[in-house]
Amino acid sequence: MIYIPILLIGMTVTGYWAYLTAYDSVREREYQLLTQTLTLNVLEIINERRELLIESGLENVPVFRDAYQKEVFEELKSLQQATNRHFAIVDKSTESIVFSTMKVPVVLNTQDASSAMIASRTVAFGESNVNDQDVLFACAEFNPWNWKVTVLQPAEPLQSSLFTIAWLTFLVTLLAVVIVSLLMGRVTQILVVSPIEKIKSAASRIALDHKKVTIDLQQNDELGALARDVEAMSGEIEQYVDEAQQANRAKTDFLAVMSHEIRTPLNGIQGLAALLLNTPLSDKQKQYASDLKSSASILATVINDVLDLSKIESGMSEVDVTEFDLDVMLNELVTLLGTNASSNNTRLVYKSKNLESVVVISDITKLRQIIINLVSNAIKFTHKGTVSISAKLKESSTENVCENRLVIAVKDSGIGIEPDRLVHIFDKFTQSDSSITREYGGTGLGLAIAKQLAQLLGGDINVVSKVGEGSCFTVTANVQSRLKVETSNDLASVRDANSAKLPAGLKVLLAEDNAINAVVAQALLEQLDCVVEHVDNGLKAAARVEEGGIDVVFMDVHMPVMDGIEATKRIRKLSGTLGHTPVIGLTAEAFKERHTVFKAAGMNDIVTKPVTVDALQESLLKLAIGQEVTDNK
Ligand code: ADP
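Just so it is clear, the structure is predicted and the values come from calculations on it, not from any experiment.

Student: Before we move on, can you summarise the overall build of the protein chain with the specific residues and values?
Tutor: Per the secondary structure count, the protein chain includes 17 helices and 18 strands. Counting only residues that meet the buried cut, the protein chain has 41% of its 633 residues in that class. When contacts within the protein chain are restricted to residue pairs at least 6 apart in sequence, those whose partners lie at least 24 apart make up 66%. Here the protein chain contributes 59 positive and 79 negative side-chain charges, whose respective centroids are spaced 5 Å apart.

Structure (structure tokens):
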């Protein structure tokens, strides 16, 4: 397409030049014919008559001269009819017309005429206007009779032939432009566009699956060289990506192992501290036990933060979208964190706009984690003030699911952040002041995680803060929303969930090889009025289930002799109802991908260590195990 205007300009210039050349040569030819007619025909006719007069010695006899001149006029008249050219003779000294073949004879203005020597005579020629008509003329003098002889012809036929030339030139130019454009387009398509398209599609493939590509391009020009370079580059990319993925897998494996190794004893410490606090203790012992418990929970937070961050950075954190009531979730958070706020003499308030009766579709876990982090910080850094959460959706929701933008602002009237610290506040391991660590604790990872989680949800976190006045963190996220249509079934299931209770005497088999964790889990299950039997490997667990009488199995994953996964598979192979015995996995592995593997092996649910009474109860209620047992009884 780009060629067309360029060609059009080029060809127009060339065409115009060709037209001018043709125009000049046509005029040249016409003048040649005209001057030849004048010199070879007209002047010859006149000269012949005069020579006849001289030969007969009558040159100076006026009657004979007039007769001979009349013969000349007659011949010119017939020549006019034969050639369609007009002839005029003017007396040089009087400028009076002697003869003319024109109907209205005029004396021609020949001042601007060009001149040339033809057959040793000076001939003037040019263009003039006679009786409102353009004419071409040629004139020469015939001195013996004192005549100026002129030949003229209308310019119109010449003009119309020039007009035809102009049109032809234009059409030929246009045709040439179209043909040349098409040819160039085709050639460009073959030599340039199609190779570039091949390279472009190869580049897209590389971007998509980071694999080595081969480009079907045999050219030996620059594009061919580019294709070879892209192929070589794709090979290197494949290699780098493989290496990066291997390193990532190694990192993930390392994290999974570390997570497991650290969480297992931590589970013991937290559990035992909790159990210890439930026994009769002196005040001092109570203080030690509660310090032990809070130290363990700080350690657990740090481990969770590091694991979260590594998971996000290794790209393993996937967005798990579900439908939920954001308003309810935020109200629950306010209740949960309200106690911390009151102990800091701080008021925690929540207000929402257009969230009522709205279902939000997003990753509730990530959203909750972000808000808990921001609100906990706000409470931590505010004494005797107010922390407010305000949430709104940019668009109002309809009954149909539609894209929306969620904005949640967490504002506090706390200590604020120094401007030079504010720019680094979302960096990892950043606290606005080293004295903060001493005074408030924390790792400086919370905001980094929250920001990355918000970015995973297609949004971000921004902050404005003033020292001594407070801070405001604003979270945005891309979500979907719709108006809630509450059915009677929903209401019934909410009621059921709220009123569900575990029956006493649930027969639980606990398969756990770590003695301390077994003691903790058993004690916690006994707090739920369960009757617990303990085995220390998967083989024994499967054998015990086969004997019958077990309502539910809590199965550790990593165990000697036979691990939890293998044992679960065995249980699933048992015949009858035994094969359907609910199995809840107990694991220190925090990664959801691993949980999926456990579930695929037949586990009904997973509880992550460190285990709590609430987590155990929630899992049992979720699987309606208590319900089934009650129904069976
Ligand atoms: P930490 O786990 O140490 O709280 P964060 O990443 O959550 O780590 O926060 C980093 C630092 O940002 C905090 O140590 C604190 O100095 C500052 N900060 C975060 N939130 C607030 C707030 N609401 N008011 C004042 N300072 C804050």
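Let's pick the thread back up.
Student: So what's going on with the sheet that holds strand β15 (residues 530-535)? Residues and values would help.
Tutor: Within a beta sheet, neighbouring strands are joined by backbone hydrogen bonds and run either parallel or antiparallel to one another. Read from one edge to the other, the open sheet built from 5 strands follows the order β15-β14-β16-β17-β18, with strand pairing classed as parallel. Every interior strand has two partners, whereas the edge strands, β15 and β18 (605-608), have only one. The mean inter-strand angle of the sheet, taken between neighbouring strand axes irrespective of direction, is 25°. Bridging between strand β17 (residues 583-587) and β18 involves 4 bridges; their strand directions are parallel. Of the residues in β18, the one forming a bridge with L586 is V607.

Student: Can you lay out unusual backbone geometry for me, pointing to particular residues and giving the numbers?
Tutor: Of note, E95 is a non-glycine position whose phi angle comes to about 60°, a positive value. Summarising the element assignment, E95 is placed in the loop between β1 (86-91) and β2 (97-100). Judged by its relative accessible area of 42%, E95 is partly exposed. A positive phi is found at N345, a non-glycine position, where the angle reads about 55°. Looking at the secondary structure, you find N345 in the loop between α6 (326-343) and β8 (347-353).

Student: Kindly report on the packing of aromatic side chains, identifying the contributing residues and their values.
Tutor: Any aromatic ring pair is given by two values, namely how distant the centres are and how the planes are angled relative to each other. All told, the structure shown has 9 aromatic pairs when counted by the stated rule. Centroid distance Y19 to Y23: 6.1 Å. Interplanar angle 45°. Geometry classified as tilted. Of this pair, Y19 and Y23 both sit in helix α1 (residues 3-55), 4 residues apart, roughly one helical turn. Through a chain of ring-to-ring contacts, three or more aromatic side chains come together here, namely F73, F99, F142, W145 and W147. Positioned over the ring face of F426 is K451, at 4.3 Å from the centre of the ring.

Student: Describe the packing of helix α13 (residues 538-547) against helix α14 (residues 564-573), naming the residues involved and giving the relevant values.
Tutor: Here α13 crosses α14 at 20°, and the two axes come no closer than 8 Å. Comparing their axes, α14 and α13 come out roughly parallel. α13 and α14 meet at a crossing whose hand is right-handed. Two secondary-structure elements touch here, α13 through G538, L539, A542 and V545 and α14 through A567, R570 and I571.

Student: Can you lay out the sheet that holds strand β3 (residues 114-118) for me, pointing to particular residues and giving the numbers?
Tutor: An order of β2-β1-β6-β5-β4-β3 is seen for the 6 strands of this open sheet, with the pairing classed as antiparallel. Only two strands of the sheet have a single partner each, and these edge strands are β2 and β3. When strand polarity is set aside, the average angle formed by the axes of neighbouring strands in this sheet is 25°. The strands that helix α2 (residues 62-83) touches are β1, β2 and β6 (147-154); relative to β1, the one it contacts most, it runs at about 150°.

Student: Give a description of the pattern of salt bridges that names residues and reports values.
Tutor: Across all of its chains, the model carries 18 salt bridges by this definition. As a salt-bridge pair, E323 and R482 come within 2.7 Å of each other at their nearest N and O atoms. Here R482 lies in strand β13 (residues 470-483) and E323 lies in strand β7 (residues 322-324), a separation of 159 residues in the sequence. Among the ionic pairs, R544 bridges to E547, the shortest N-O distance being 3.7 Å. Here E547 and R544 lie together in helix α13, a separation of 3 residues that amounts to about one turn. Taking relative accessible area as the criterion, R544 reaches 15% and is therefore assigned buried. The exposed category is assigned to E547, whose relative accessible area is 64%. If you follow the salt bridges from partner to partner, you end up with E48, R49, E71 and E75 in one network.

Student: A description of the domain arrangement of the protein chain should follow, citing residues and the corresponding values.
Tutor: In terms of domain boundaries, the protein chain breaks down into domain 1 (3-162), domain 2 (326-483) and domain 3 (500-632). Taking only C-alpha atoms into account, the centre of domain 1 sits 124 Å from that of domain 3.

Student: For the nonpolar core, give the residues involved together with the corresponding values.
Tutor: L326, L330, L348, I370 and I461 are the most contacted members of the largest nonpolar core, which totals 47 residues. Filtering out sequence-adjacent residues up to four positions away, L326 remains in contact with L355, V360, L367 and L406. F99, L136, A140 and W147 belong to the second largest nonpolar core, which has 30 residues in total.

Student: Report on the packing of helix α7 (residues 364-380) against helix α10 (residues 446-456), specifying residues and quantitative values.
Tutor: The contact between α7 and α10 brings their axes to 9 Å, and the two run at 145°. Both α7 and α10 take part in a crossing whose hand is left-handed. Only G446, L447, I449, A450, L453, A454 and L456 of α10 make contact with α7, whose side of the interface consists of K366, Q369, I370, N373, L374 and N377. Classifying every residue of the contact of α7 with α10 gives 8 nonpolar, 4 polar and 1 charged.

Student: Please set out helix α3 (residues 156-209) residue by residue, giving values where relevant.
Tutor: For α3, spanning 54 residues, the distance from its first C-alpha to its last is 75 Å, which sits close to the expected 80 Å at 1.5 Å a residue. In the structure, α3 departs most strongly from a straight axis at Q189, where the bend amounts to approximately 50°. For α3, the set of buried residues is L158, L162, T169, T173, V177, S181, T188, P195, I199, A202 and I206.

Student: Please set out the environment of F554 residue by residue, giving values where relevant.
Tutor: In this fold, F554 is placed in strand β16 (residues 552-556). Through-space distance from the C-alpha of F554 to that of Y23 is 105 Å; in sequence the pair is 531 residues apart. Residues in contact with F554, not counting those within four places in the same chain, are V508, L509, L510, A511, L525, I584, L586, L616 and L620.

Student: Give me the lowdown on the confidence of the model for the protein chain, citing residues and values where you can.
Tutor: Per-residue pLDDT for the protein chain averages 85, and the proportion of residues at 70 or more is 92%. Across the protein chain, the element-wise mean pLDDT spans from 47 in helix α11 (residues 488-499) up to 95 in strand β12 (residues 460-466). Low confidence marks residues 490-498, where pLDDT is under 50. Its contacts with residues over four positions away, or in another chain, come to 2 contacts.

Student: If you had to explain a nonpolar patch on the surface to someone new, which residues and values would you point to?
Tutor: On the surface, a cluster of nonpolar side chains totalling about 800 Å² of accessible area is made up of L8, F163, W167, F170, L171, L174, V178 and L182. The biggest single contributor to the nonpolar patch is α3, with 7 residues. Here L174 shows up in helix α3. Residue classification places L174 among the partly exposed residues on the basis of a relative accessible area of 36%.

Student: Before we move on, can you summarise the pairing of β2 with the specific residues and values?
Tutor: Summarising the sheet, β1 and β2 pair through 3 bridges and their orientation is antiparallel. From the neighbouring strand, I89 faces β2, where its bridge partner is F99. Hairpin connection of β1 to β2: 5 residues between the antiparallel strands, including E95 at a positive phi of 60°.

What counts and how
- Residues numbered from 1 in each chain as written.
- Predicted model: local features only at pLDDT ≥ 70, side-chain atom pairs only at ≥ 80, totals over all residues.
- Heavy atoms only, no water.
- Helix = DSSP H or I, 4+ residues; strand = E, 2+ residues; numbered from the N terminus.
- Buried < 20%, exposed > 50% of the residue type's maximum accessible area, 1.4 Å probe, protein only.
- Contact = heavy atoms within 4.5 Å.
- Lys, Arg positive; Asp, Glu negative; His and termini not counted.
- Charge placed at Lys NZ, Arg CZ, Asp CG, Glu CD.
- Pairing = 2+ DSSP bridges.
- Axes fitted to C-alpha atoms, helices over the stretch in contact; angles between N-to-C directions.
- Phe/Tyr/Trp six-rings, centres within 6.5 Å; stacked < 30°, edge-to-face > 60°.
- Lys NZ or Arg CZ within 6 Å of the ring centre and 35° of its normal.
- Parallel < 35°, antiparallel > 145°, perpendicular 65-115°, else oblique.
- Left-handed = near helix turned anticlockwise from the far one by under 90°.
- Salt bridge = Lys/Arg side-chain N within 4 Å of Asp/Glu carboxyl O.
- Domains from an automatic or database assignment.
- Core = buried A, V, L, I, M, F, W, Y, C linked by side-chain atoms within 4.5 Å.
- Nonpolar A, V, L, I, M, F, W, Y, C, P; charged D, E, K, R; others polar.
- Expected span 1.5 Å × (residues − 1).
- Bend = angle between axes of the 7 residues up to and from the residue.
- pLDDT = per-residue confidence, 0-100.
- Patch = residues over 30% accessible without salt bridge, like charges linked within 9 Å, V, L, I, M, F, W, Y side chains within 5 Å.
- Areas by Shrake-Rupley, 256 points an atom, 1.4 Å probe, with all protein chains shown as cover.

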